[in-house]
Structure formats: C-alpha cells, structure tokens
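Topology and contacts: notes
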Amino acid sequence: MPRFASTDGPKSDIPVDGHNRYKIPRYPFDHPMAEQIIEQSVEGTGMLVPWTRVSTILDTHEDKEGIFKWTKRLVVKGLGAREDLYALAAATRLEDKSTLLRVANQAFDYAKGQAASNLGSALHGFLERWVEGDPTLVIPTQWKGDVGAVMAAFQAANIRLRPDLQEMVVVRPDLKDGDAGGLAGRFDLVVEMLNPETGEWELIVADYKTGSDPLAYGSWKIQQQLGLYGTGWAVWDGTHWHPMPTIRRDKILMVHVLPGQASVQIHVGSVDPVALEDDLAAAYRTRRRRKEAKKAWRPLVTVEDGAV
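Residues numbered from 1 in each chain as written. Predicted model: local features only at pLDDT ≥ 70, side-chain atom pairs only at ≥ 80, totals over all residues. Heavy atoms only, no water.

Here we look at a nonpolar patch on the surface
The grouping of Ile67, Phe68 and Trp70 at the surface amounts to a nonpolar patch, some 310 Å² of accessible area in total. In this structure, Ile67 sits in helix H2 (residues 65-81). With relative accessibility at 43%, the residue Ile67 sits in the partly exposed group. (Patch = residues over 30% accessible without salt bridge, like charges linked within 9 Å, V, L, I, M, F, W, Y side chains within 5 Å. Areas by Shrake-Rupley, 256 points an atom, 1.4 Å probe, with all protein chains shown as cover. Salt bridge = Lys/Arg side-chain N within 4 Å of Asp/Glu carboxyl O. Helix = DSSP H or I, 4+ residues; strand = E, 2+ residues; numbered from the N terminus. Buried < 20%, exposed > 50% of the residue type's maximum accessible area, 1.4 Å probe, protein only.)

Focus: the sheet that holds strand S7 (residues 189-194)
Strand order in the open sheet formed by 5 strands is S4-S7-S8-S11-S12, and the pairing between neighbours is mixed. At either margin of the open sheet sits one strand with a lone partner, and together these are strand S4 (159-166) and strand S12 (263-270). Ignoring which end each strand starts from, the neighbouring axes of this sheet average 35° apart. The sheet contact formed by S7 and strand S8 (residues 201-209) spans 6 bridges and is antiparallel. The partner of Glu192 across the bridge, within S8, is Leu203. The sheet contacts of helix H6 (residues 141-156) involve S4, S7, S8, strand S11 (251-258) and S12, and relative to S12 the element is tilted by about 45°. On top of the sheet, helix H7 (residues 214-229) reaches S8, S11 and S12; it is set at about 135° to S11, its chief contact. (Pairing = 2+ DSSP bridges. Axes fitted to C-alpha atoms, helices over the stretch in contact; angles between N-to-C directions. Contact = heavy atoms within 4.5 Å.)

Overview of the nonpolar core
Leu183, Phe187, Val190, Val205, Tyr229 and Leu280 are the most contacted members of the largest nonpolar core, which has 26 residues in total. Counting residues per element, the ones that place at least two in this core are helix H1 (54-58), S8, H7, S11 and helix H8 (273-294). Look past the residues within four positions of Val205 in its chain and what remains in contact with it is Phe187, Leu189, Val190, Leu226, Tyr229, Gly230, Ile247, Ile252 and Leu253. (Core = buried A, V, L, I, M, F, W, Y, C linked by side-chain atoms within 4.5 Å.)

Focus: the sheet that holds strand S5 (residues 169-172)
Across the sheet, which stays open at both edges, the 7 strands sit in the order S1-S3-S6-S5-S9-S10-S2 with mixed pairing between neighbours. Single-partner strands in this sheet number two, and they are strand S1 (22-25) and strand S2 (42-43). Looking at chain direction, strand S3 (residues 48-53) and strand S6 (residues 183-186) are connected through 2 bridges and run parallel. In the sheet register, Arg53 faces S6, and the bridge partner there is Ala184.

A few points about the pattern of salt bridges
Applying the stated criterion to the full structure yields 15 salt bridges. For Glu277, the salt bridge is made with Arg172, and the minimal N-O distance between the two is 3.2 Å. Residue Glu277 is located in helix H8, and its partner Arg172 is located in strand S5; the two are separated by 105 residues in the primary sequence. For Glu277, a relative accessible area of 29% gives the class partly exposed. Its relative accessible area of 7% is what places Arg172 among the buried residues.

Some details on the packing of aromatic side chains
Evaluation of the coordinates by the stated rule reveals 8 aromatic pairs. Between the aromatic rings of Tyr27 and Trp233, the centroid separation amounts to 6.0 Å while the plane-to-plane angle is 70°, which identifies the pairing as edge-to-face. With Tyr27 in the loop between S1 and S2 and Trp233 in the loop between H7 and strand S9 (234-236), the pair connects residues that are 206 residues apart, well separated along the chain. Judged by relative accessible area, Tyr27 falls into the buried class, the value being 10%. Under the relative-accessibility criterion, Trp233 is labelled buried at 16%. Measuring from ring centre to ring centre gives 5.3 Å for Tyr27 and Trp241, while their planes differ by 90°; the resulting arrangement is edge-to-face. Here the residue Tyr27 occupies a position in the loop between S1 and S2, and Trp241 occupies one in strand S10 (residues 240-243), the gap between them amounting to 214 residues. (Phe/Tyr/Trp six-rings, centres within 6.5 Å; stacked < 30°, edge-to-face > 60°.)

Some details on the side chain of Arg287
With respect to the element layout, Arg287 can be found in helix H8. If we skip the residues at most four places from it in the chain, Arg287 touches Thr56, Ile57, Thr60 and Asp177.

No statement about biological role is implied by the geometric values presented.
This is how it looks when you write it as structure tokens:
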C-alpha cells in the first residue's frame, strides 16, 4: 500500500481562535482531493479562517447531565477540603464571575477532577512520540508498561501502525456552520488491518480512550466522531493540503487504555455511513435553529419607572 505523502519535518501546530476553532486557510477545491485525482500536496495560502470542530457539532445532541453532576460533586468536595477557597468564595460578590469561576476551577482540580484527563493526555503524548520513533522520548517507569501493552495489543491483533497518519487534521468544507470554513477534526491515528475476505491491508481510523468505561458512557459519540474522520475531503498538516487516503467508512477501532495498569483492549465498531450523515445533518439543523431562535424575539411592551 502506498505511503501517505507528507511534507518534511514535524507537523506544525495549528492555531485556534477564541472559540477553540481551528484556524486554517480556505479549502482550494470544489470536491475532495482524492476524487479530483490530485495526488500531490498543495500548499495552503490565503487568510486563516475558523473551522468548527467535529466534537462541537456532535455535542449538540450529547446528553451531558452526568458530566455536570460529576463536576458539581468534585467542586463541593474541593471547597470542603480547602479553607482558603471556602473563605475566598464567601468573601466574593456574586457579580464577580471571574473570581468565583477561578475558585470553582481550583476546587475541581484539588479534588483531582483534572487528574484523569491529564494522565490521558500524557499517555497520548507518549504513544504519539513512540510511534514516531522520537529518540528523545523518556517514559517514566510507571507508564512504560502502558506503552508496551498497547504495542503488544496491536501486534496480537495483526495491526500495523502508520506513523505518517497520526494526529492529523481532516476537513469537510461542505459542512459550514456560520462563518466557519467547514468542519475539521483531529484523529489519533490510522492503522492497517488485514481483511481476511480479500487478503488486502485496509486503513481504519483508530482512537485512544483512557476513561474507566468509554463504551458505557460515550459509545455513540465515539462512533460518530471516528466515523466522520473517515469522510474527510483532505488532510491539513499545518502548512499543506494532502489527498485523503482511502479509509474504510464502515469500521472503526477504539483502543482502550487504563493509565498505570498496562491494561489494553482494542474494540472494533461498525458505522452506518448513511445514518452518520443523517445524524450530522440533524445536528446542524439543531444548531441553526438555536441561533435563529435568539433573533426571533422583539419587544412588544416596555414599562419603565412603574408607569402604566
């Protein structure tokens, strides 16, 4: 299978705007690069415009009640354990939103609300640099087993890694949201799996998850997110556009890792491409209606100073 063409050197950091949207030049073609048989990389030029993240669109229909309740519980625990935060909260006016938010964030962190996320991000970084073969990588002893377990799991599942196809951003310029240039998202990695029916190696989008039970609480979003990555029109590496490689759109992989436990499970998921596009269109309609609703109201009666 041909390798993915990319520019020399490390991937560039992609800037974001105040709404955490990727800032990328406008897409220079009317159709996916692969459909136009554009095999060479094309330098991105012109003004940077915001691109809506895949996760932002999918959040439209996600039930976040459980997350909100969990956050509230940890904030309360943090305040109860820190007298300084409790005193600062009591002394702060309700109108001082920035100070109260800072107190809440510190209480959340003190209750180890961010610990799992930080460990997950660290493990992502270890795995990314390991796959790239970074000679400067030093993995602390307590997490070496995690990286080794992931590599062993890939080998046992007869999965080949593609260092040239990890942590890349894919775009869908046909899906616009307001002033955005389109939809964009970053995947963890793409791997090669042997199809037993055809005997050919196929590319499949894969993602690392480090939560306690991601399939119990986020299986739908994982399915939607990874499925959308496979429908990208092109890959953006920070400086150049690249043709989207041929990726299976009906299959995805989730690599579940428990940090510090050297425990790895690789799950195979199915995606219905038609249902995926229907769900995406529904999310865009919901977002558009919410925005329109804010502009639909006009004053009918205004009474001031108690006058009738």
